[in-house]
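Tertiary structure, described
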Amino acid sequence: MNGSETSYEILEARFGQIGALGEAARVLTWDRSVNMPRKGAAGRAEQLASLRRVVHEKTTDPAMADLLDAAAEEVSGDPWRAANLREMRRRWVHASAVDGDLIAAMAKADSACEMAWRDAREADDYETVKPCLQTVLDLVRRAGEARAEALGCSVYEALMDVYEPGARTERIDVLFDDLAGFLPGFLDRVLDLQAREPEPLPLEGPFGIEAQRSLGERLMVQLGFDFDAGRLDVSLHPFCSGVPGDIRVTTRYDTADFTQSVMAVLHETGHALYNAGLPPEWRRQPVGAARGMATHESQSLIVEMQACRSAEFIGFLAPLVRGAFGASGPAWSAGNLCRHYRRAARSLIRVDADEATYPAHVILRYRLERELVAGRLSLDDLPEAWGDGLDALLGIRPPDDASGCLQDIHWYSGTWGYFPTYALGALAAAQFFAAALSARPGIPDALSRGDFAPLTGWLGEAVHRKGSMPESTDELLREATGAPLGTGPFKRHLEKRYLSDR
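Source: prediction; values computed, not measured.

The next subject is the overall build of the protein. Broken down by element type, the protein carries 20 helices and 3 strands. Over its C-alpha trace the protein gives a radius of gyration of 23 Å, about what one expects of a compact globule, namely 23 Å for 502 residues. Residues classed as buried in the protein amount to 55% of the 502 residues present. In the protein, the proportion of contacts linking residues at least 24 apart, taken out of those at least 6 apart, comes to 74%. Surface exposure of the protein reaches about 20,000 Å², of which carbon and sulfur atoms provide 51%. Separation between the mean location of the 55 positive side-chain charges and that of the 73 negative ones in the protein comes to 3 Å.

What follows is the structure, encoded as structure tokens:
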């Protein structure tokens, strides 16, 4: 630091360091899920805990409060710097509310519980991981209580705010209650229509993993993914991580069914394109980050659900699939493949669910984790509550915990308050895509040729390059679509795809 630096410049340098440390933590977390041997778990937990502690100490430095106050006048008239300062203050408030020892304890507990979950899920043994999960929940609740006091909101809202700034249960309840009221009747209509139609012809395997991987990589390149700045790997749960210039995408393969892996790759590539498209001049600064996880999820769902399950894109995809697996015949036609990808079912697994049932899976988790955080539901009663909730929303019950409360990694890795962003992202995806079609009517024709440039070009201008300049997902949606988040575009999309376009 020298005497000529302004308070804002000092803050920008400090948050640049914090951003770099966060990038290192993301790569270490990716490695834990993809490459790390089991015996490395304890050491990795210490590494991540130390990184989180250092980030916390830097963010809560006693000088921060004065620097943030002094910088307010310095950024007047510069919208990007003003937004960056706003986001710096938000991160400082969150960090200052939670003690550094608690941050480190959470990192260690999260790592230990995630590794225990891997074994428990494979063995369908919820009881063995429940004590670890209780430790994680207790720590999450403590952190949530501290943040809630600082933010002036409920404990659960404070947890959501980490992932979706400004998220409030009152607003989410309105949206989710609307969906929960619409989806059961809609699903009945879809299933009734499907029952009167011929079943899709089976796609007979086996489907080699290398062939699936090659097909996935081909599609990623088609979307604009740069393999000189990223990679594709295998993990238990598909995800996208890493940093701009080093983006890590993972998927999982099933030799009996290639359809899920293909869409998982396309979904995670949507996340990757958003990460790569964030404003490079603001890298490692808070304003250069994604606006929130609802926006992030909308970008993956625009690719997977809105674009890549469209009849236009599947017409492009079908010959690639035939070539990848050396297949031919009516089962491998674009029309039959389209029927597979538009098949609704009362499914147990969230990540494999169709558009008509996916929001119900998210609503279930949202309701359960609110009860768990509030202490109104115990972990002992979670499996039964899961079954009751799924039965109420979809009319089915999981036969075991592996397909019930053990199926997702989130709670076991300390990610609480995240689940609602998945359904919020689905709503936003439909709203963004409708706006993109209005602005660029040639998008469907381009998708039929495998050309994503018109769509990704619009997304780059309307979403990606704005980073966290808008203060909320609603503000970003207003700028891009003219309206805050709503359920209308999503419901219209479902009606058209599943009932009209048969």
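That shown, we press on.
This structure, assessed with the given rule, holds 21 aromatic pairs. Seen in terms of ring centroids, F225 and F227 are 4.9 Å apart; in terms of plane orientation they differ by 70 degrees. Their pairing is edge-to-face. When its relative accessible area of 7% is taken as the criterion, F225 is described as buried. Since its relative accessible area comes to 30%, F227 is described here as partly exposed.

Right, let's talk about the environment of S448 for a bit. With respect to the helices and strands, the residue S448 is situated in helix α17 (residues 443-448). Taking the C-alpha atoms as reference, S448 lies 9.9 Å from C308; in sequence the two are 140 residues apart. Ignoring any residue separated from it by four or fewer positions in sequence, one finds S448 in contact with E312 and F316.

Attention shifts here to the packing of helix α8 (residues 169-195) against helix α14 (residues 358-374). The interhelical angle for the contact between α8 and α14, taken along N-to-C directions, is 135 degrees, at an axis separation of 10 Å. One finds that α8 runs oblique with respect to α14. The interaxial crossing formed by α8 with α14 has left-handed handedness. Where α8 approaches α14, its residues T169, I172, D173, F176, D177, L179, A180 and L183 are matched on the opposing element by P359, A360, I363, Y366, R367 and R370. Looking at side-chain class alone, the contact of α8 with α14 contains 9 nonpolar, 1 polar and 4 charged residues.

Before going further, it helps to spend a moment on the nonpolar core. Within the largest apolar cluster, 124 residues are counted, with the highest numbers of intra-cluster contacts made by W411 and W416. In terms of residue count, helix α16 (residues 420-439) provides more of this core than any other element does, 12 residues in total. Excluding residues that lie within four positions of it along the chain, W411 makes contacts with L133, V136, R365, L368, E369, L372, L382, W386, W416 and F419. Judged by nonpolar contacts, the second largest core, of 16 residues, contains I18, L67, A71 and M88.

Let us now look at unusual backbone geometry. In most cases, non-glycine residues show a negative phi, while peptide bonds are predominantly trans. Put simply, G205 and P206 share a cis peptide bond, and its omega is 5 degrees. Within the secondary structure layout, P206 lies in the loop between α8 and α9 (209-223). Located in the positive-phi region is D124, a residue other than glycine, with phi close to 50 degrees. Looking at the secondary structure, you find D124 in the loop between α5 (100-123) and α6 (126-151).

Glancing now at the pattern of salt bridges. Pairs can form between side chains of opposite charge whenever their charged atoms are close. Following the criterion strictly, the structure yields 41 salt bridges and no others. Of the charged contacts, one joins R168 and D161 as a salt bridge, the two residues approaching to 3.9 Å between their closest N and O atoms. Judged by relative accessible area, D161 falls into the buried class, the value being 5%. Across the pair E199 and R343 runs a salt bridge whose closest N-O atoms are separated by 3.1 Å. In this pair, E199 is assigned in the loop between α8 and α9 and R343 in the loop between α13 (334-341) and α14, connecting sequence segments 144 residues apart. Judged by relative accessible area, E199 falls into the exposed class, the value being 58%. The exposure class of R343 is partly exposed, given its relative accessible area of 24%. Three or more residues joined by partner-sharing salt bridges are found here, namely E23, R283 and R284.

This brings us to helix α19 (residues 473-481). Here α19 has its buried residues at T473, D474, L476, L477 and A480. What you see down the axis of α19 is that its buried residues fit within an arc of 160 degrees, all on one side. Looking at the buried side of α19, the elements it contacts are α8, α11 (293-307), α16 and α18 (453-462). Downstream of α19 by a residue or two, G482 has a phi angle that is positive, lying close to 90 degrees.

Successive side chains on a regular strand alternate, one facing one side of the sheet and the next facing the other. Alternating residues of strand β2 (residues 240-243) divide into C240 and G242 and S241 and V243, and every residue in both groups is buried. Looking at chain direction, β2 and strand β3 (residues 246-251) are connected through 4 bridges and run antiparallel. The residue bridging V243 from the neighbouring strand is D246, located in β3. Where β2 hands over to β3, the hairpin turn is made up of 2 residues, of which G245 adopts a positive phi near 90 degrees.

This brings us to the side chain of T269. Mapped onto the fold, T269 is located in helix α10 (residues 259-277). Residue classification places T269 among the buried residues on the basis of a relative accessible area of 0%. Those residues in contact with T269 that lie beyond four places of it in its chain are M220, L223 and F225.

Turning next to the sheet that holds β3. A sheet is described by the order of its strands in space; here 3 strands give the open sequence β1-β3-β2, paired in mixed fashion. Each edge of the sheet is formed by a strand with only one pairing partner; in this case those strands are β1 (230-234) and β2. Averaged over neighbouring strand pairs, the angle between their axes works out to 20 degrees when direction is ignored. Here α10 sits on the sheet in contact with β1, β2 and β3, set at roughly 160 degrees to β3.

Parameters and conventions
Starting from 1, residues in each chain are numbered consecutively following that chain's sequence as written. Per-residue local features of the predicted model are confined to residues with pLDDT of at least 70, and side-chain atom pairs are confined, for both listing and counting, to 80 or more; whole-chain, interface and lining totals are unaffected and use all residues. Side-chain measures here rest on the full set of heavy atoms in the structure, leaving out hydrogens and waters. Helix and strand definitions here come from DSSP, where helices need a minimum of 4 consecutive H or I residues and strands a minimum of 2 consecutive E residues; each element is numbered from the N-terminal end. Atoms counted for the radius of gyration: C-alpha only. Globule rule: 2.2 Å times residue count to the power 0.38. Whether a residue is buried, partly exposed or exposed follows from its accessible area with a 1.4 Å probe, protein chains only, as a fraction of its type maximum: under 20%, in between, or over 50%, in that order. The criterion used for residue contact is that any of the two residues' heavy atoms lie within 4.5 Å. Here the open area of atoms and residues is found with the Shrake-Rupley method and a 1.4 Å probe, where only the protein chains shown may cover a residue. Charged residues are defined here as Lys and Arg on the positive side and Asp and Glu on the negative side; His and the ends of the chain fall outside this count. By convention, the point assigned to a charge is CZ for Arg, NZ for Lys, CD for Glu and CG for Asp. Any two of the Phe, Tyr and Trp rings considered here, Trp counted by its six-membered ring, make a pair once their centres fall within 6.5 Å; the pair's planes then place it as stacked at under 30 degrees, edge-to-face at over 60, or tilted in between. Fitting a line to C-alpha atoms yields each axis, with helices limited to the stretch in contact; the angle taken between N-to-C directions then spans 0 to 180 degrees. The scheme is simple: roughly parallel for angles under 35 degrees, roughly antiparallel for over 145, roughly perpendicular for 65 to 115, oblique for anything else. Definitions for this section: a left-handed crossing has its near helix turned counterclockwise from the far helix by less than a right angle. A right-handed crossing has that turn clockwise. In this classification, the charged set is Asp, Glu, Lys and Arg, the nonpolar set is Ala, Val, Leu, Ile, Met, Phe, Trp, Tyr, Cys and Pro, and all remaining amino acids, among them Gly, are polar. Side-chain atoms within 4.5 Å are what join buried Ala, Val, Leu, Ile, Met, Phe, Trp, Tyr and Cys residues into a set we call a nonpolar core. Salt bridges are identified by distance alone: a Lys or Arg side-chain nitrogen within 4 Å of an Asp or Glu carboxyl oxygen. Taking the helix axis as origin, the arc is that swept by the directions to the C-beta atoms. Any two strands with at least two DSSP bridges between them are considered paired.

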